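This is what each chain is made of:
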Amino acid sequence: MRVYVPLTLAGLAAAHRAGELGPGPFTAYAVTPALREWYVSDDIEELEYAALNRAASASLRLIAGDPRAARRRVVVAVDVPDGAAVADPDHILDASSLGEVTIAAAVPLAEAAAVHVDSDDADEDVTAAAAALGAADLGDDDAQFTVDGAEDHELLWFGVQEIPQLIA
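Quantities reported herein were computed from a predicted structural model and do not represent experimental measurements.

The rules behind these values
Residues numbered from 1 in each chain as written. Predicted model: local features only at pLDDT ≥ 70, side-chain atom pairs only at ≥ 80, totals over all residues. Heavy atoms only, no water. Axes fitted to C-alpha atoms, helices over the stretch in contact; angles between N-to-C directions. Helix = DSSP H or I, 4+ residues; strand = E, 2+ residues; numbered from the N terminus. Parallel < 35°, antiparallel > 145°, perpendicular 65-115°, else oblique. Contact = heavy atoms within 4.5 Å. Expected span 1.5 Å × (residues − 1). Buried < 20%, exposed > 50% of the residue type's maximum accessible area, 1.4 Å probe, protein only. Polar contact = N/O pair within 3.5 Å; in protein donor to acceptor, adjacent residues only side chain to side chain. Pairing = 2+ DSSP bridges. Salt bridge = Lys/Arg side-chain N within 4 Å of Asp/Glu carboxyl O.

With respect to the packing of helix α3 (residues 44–64) against helix α4 (residues 123–137)
One way to put it is that α3 packs onto α4 with a least axis distance of 9 Å and a crossing angle of 95 degrees. Comparing their axes, α4 and α3 come out roughly perpendicular. Between α3 and α4, the contacting residues are Leu 60, Arg 61, Ile 63 and Ala 64 on the first element and Val 126, Ala 129, Ala 130, Leu 133 and Asp 137 on the second.

Below you can see the structure in the form of structure tokens.
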């Protein structure tokens, strides 16, 4: 099963040093039955893209919570064995946790398929979105518009072998 792990650049550097994502348990995003139902799609590529975007939103939350974090969203796509990613049945109908799964144990970084990272030109919008996130959560439409501005930036695809250059 493909899962998408939200990180910051510092989190990616730590995973690179450790050689693994984790320790477990940690949160990731995947194509879950609830995500399928919410997006009403059978197109696996569309659903995987939705899971990736959910992880990018979670990465933004990590950035907002750490004023020292580089203002670039980071998501690692990794393949885990079936059953390794478990959705919380208590949150299955909660729209804010769509696609959210828990990974119980650390996953070797060698299992990663790709790393998705914001380009440098997203920095200003990601910075503004991180600052506006709290107000957006409280229902401020202007703040939500600012948060959505970060989502307008597509994450770039990088091979796992490119991690050293990303964290340098």
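Observations regarding α3
Over its 21 residues, α3 runs 30 Å from end to end, which matches the ideal 30 Å to within 8%, given 1.5 Å per residue. Regarding α3, the residues found buried are Leu 47, Ala 50, Ala 51, Leu 52, Ala 55, Ala 56, Ala 58, Ser 59, Leu 60 and Ile 63. The N-terminus of α3 is capped by Asp 43, whose side-chain oxygen sits 2.9 Å from the backbone nitrogen of Glu 45.

Points about the pairing of strand β1 (residues 2–7)
Across the 6 residues that make up β1, a large majority, 5, are buried. In this structure, β1 lies alongside strand β4 (residues 74–79), joined through 6 bridges in antiparallel fashion. Residue pairing in the sheet places Val 5 in a bridge with Val 76 of β4.

Regarding the environment of Leu 155
Assignment of secondary structure puts Leu 155 in the loop between α5 (141–151) and β9 (156–158). Accessibility expressed as a relative area gives 15% for Leu 155, which makes it buried. Ignoring sequence-local partners within four residues, the contact set of Leu 155 consists of Leu 52, Ala 56, Arg 73, Val 75, His 116, Val 117 and Asp 118.

Describing the pattern of salt bridges
For the structure shown, the criterion picks out 5 salt bridges. The residue Asp 79 makes a salt bridge to Arg 2 at a minimum N-O spacing of 2.7 Å. In this pair, Asp 79 is assigned in strand β4 and Arg 2 in strand β1, connecting sequence segments 77 residues apart. Using a relative accessible area of 32% as the deciding quantity, one classes Asp 79 as partly exposed. According to the relative accessible area criterion, Arg 2 is partly exposed, its value standing at 28%. Between Asp 120 and Arg 72 there is a salt bridge, and its shortest N-O distance comes to 3.6 Å.

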